[in-house]
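This is what each chain is made of:
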Amino acid sequence: MISPTAWLEALSREAVDFYTGVPDSLLKNFLAVLAENTPSSHHVICANEGNAIALAAGYHLASGKVPLVYMQNSGLGNAVNPLMSLAHSGVYGLPLVLMIGWRGQPEQKDEPQHKPMGGATIEMLNAMAVPCKILSAEIEEAREQLKWSVSHAQERSQPAALLCPAGVFSEEKFQRSRSQGLASAITREIAVAAVLKQLGPADAVVATTGFIGRQVLAVMQDDSSIGQRSTFLNVGAMGHASQIAMGMALARTDARVICLDGDGAAIMHLGGLTTIGVVQPANLKHVILNNGMHESVGGQPTAAGAIDFTEIAKACGYPSVFRCEDPEQLESTVKHFLAAESLALLEVRICQSNDKLPRPNDSMTAMKQEFVETFNKRLSAAEST
């Protein structure tokens with residue numbers, strides 16, 4: 001495996017001194033060392049991968065240097081537009097080095113939602129004329145690959161990519177850069193349970209990517225009083241849970257739809273709140289569990305510790321907003337939030353949790369089918385009573 005410190009030194013020798021992107025679990029050991037050793041002016045965690053490409057482009061335009069953009073390969077979807085219409089050699093021709101975590105690598109064990117993108121990653125890069133190499137776990141070979149990526153980007157005036165397989169970076173004991181999250185006495189488990197316990201049998205839940213969806217599974221498994229809910233786990237497509245929930249709410253105005261969102265996911269596609277605020281589906285209840293960190297991919301900080309989701313929601317047109325960070329007020333706040341007769345948003349500030357959480361066992365299509373059947377059955381039962 002590559003020492004993250006040795007890799008950062010190799011980047012420095014190639015005059016790469018600006019880093020931006022969206023954190024990925026396969027890169028977390030390197031990102032921890034990067035955060036420890038790089039000033040915030042030269043290391044920026046972006047809301048989404050497209051933003052990171054544009055930010056890096058601006059840095060190159062003003063400095064003439066080759067910046068590095070890191071991401072999980074799922075983030076290529078967000079990066080396609082600026083890669084093709086901004087950085088491409090046929091447009092502005094901007095030299096960038098992309099460091100991409102290769103989730104769902106063919107022939108490697110991974111979660112179902114990563115496999116389609118894992119198999120398509122190299123083809124996608126080829127289609128965008130972004131040459132790539134698979135990063136070696138041997139530091140000497142990796143240094144040569146890095147030299148190739150920087151020189152190729154400079155000489156051809158285009159992005160070049162290094163695909164990073166699982167386990168390519170070793171862990172270093174002195175890492176101290178993991179975010180501590182927000183100061184709150186509410187855990188993710190307490191927050192999720194507080195919402196689920198107050199829902200009716202006909203209510204539908206859409207849970208966002210990462211630990212929140214897995215926490216929903218854990219709470220339903222551990223608390224028999226909650227029972228089986230009509231729950232859709234958005235295990236991929238980070239940042240889109242709120243739009244899935246709005247689509248459900250518009251299709252079935254006789255159902256109450258609760259979106260359990262995360263701070264990193266909400267920030268990734270924050271513009272979704274503007275659409276919800278304009279359409280104003282009264283049966284949509286939007287919860288953002290805010291711990292100020294990308295916890296499921298390594299604990300890197302988000303911008304959520306410095307912003308107020310309730311004020312953003314009000315500015316976007318949400319008529320009812322609530323906020324809670326006191327466990328003693330959580331139950332009553334959730335009650336008032338769910339009772340709102342209009343579109344509503346609730347921000348719950350939670351602390352970092354280190355729970356071992358279950359993962360879905362069923363196939364994604366089986367989970368979808370179970371949700372559809374349960375959702376319709378529960379609504380039909382509610383209508384007949």
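This one's a predicted model, so the numbers in the text were calculated from it and none came from an experiment. (Residues numbered from 1 in each chain as written. Predicted model: local features only at pLDDT ≥ 70, side-chain atom pairs only at ≥ 80, totals over all residues. Heavy atoms only, no water.)

What follows covers helix α1 (residues 4-13). Along α1, the residues that are buried comprise Pro4, Ala6, Trp7, Leu8, Ala10 and Leu11. Buried residues along α1 sit in contact with β1 (19-21), α2 (28-37), β3 (68-72), β4 (97-101), α6 (139-156) and β6 (160-164). Just downstream of α1, alanine 15 is the residue with a positive phi angle, here 65 degrees. (Buried < 20%, exposed > 50% of the residue type's maximum accessible area, 1.4 Å probe, protein only. Helix = DSSP H or I, 4+ residues; strand = E, 2+ residues; numbered from the N terminus. Contact = heavy atoms within 4.5 Å.)

Let's shift gears to the packing of helix α7 (residues 188-196) against helix α8 (residues 211-222). Where α7 contacts α8, the axes come no closer than 9 Å and their chain directions differ by 65 degrees. Note that α7 runs across α8; the crossing there is right-handed. The segment α7 lies against α8, with Arg188, Glu189, Val192, Ala193 and Leu196 engaging Phe211, Ile212, Gln215, Val216, Val219 and Met220. Among the residues making up the contact of α7 with α8, the classes are represented as eight nonpolar, one polar and two charged. (Axes fitted to C-alpha atoms, helices over the stretch in contact; angles between N-to-C directions. Left-handed = near helix turned anticlockwise from the far one by under 90°. Nonpolar A, V, L, I, M, F, W, Y, C, P; charged D, E, K, R; others polar.)

Summed over the entire model, instances satisfying the criterion amount to six aromatic pairs. Between phenylalanine 322 and phenylalanine 337, the aromatic rings sit 6.1 Å apart at their centres with planes inclined by 80 degrees, giving edge-to-face as the arrangement. Here phenylalanine 322 is found in strand β13 (residues 320-324), whereas its partner phenylalanine 337 is found in helix α13 (residues 327-339), with 15 residues between them in sequence. Over the face of the ring belonging to tryptophan 148 we find lysine 133, whose NZ or CZ atom lies 4.8 Å from the ring centre. (Phe/Tyr/Trp six-rings, centres within 6.5 Å; stacked < 30°, edge-to-face > 60°. Lys NZ or Arg CZ within 6 Å of the ring centre and 35° of its normal.)

Spatially, six strands are ordered β2-β1-β3-β4-β6-β5 in an open sheet, and the strand pairing comes out parallel. Taken across any chain shown, the strands that pair with only one partner, and hence form the sheet edges, are β2 (43-45) and β5 (132-134). Going from strand to strand, the sheet's axes swing by 20 degrees on average, the running direction of each strand aside. One ladder, built from three bridges, connects β5 with β6; its direction is parallel. Across the sheet, residue lysine 133 finds its bridge partner in β6, namely leucine 162. Contacts from α6 reach β4, β5 and β6, with the element oriented near 150 degrees to β6. (Pairing = 2+ DSSP bridges.)

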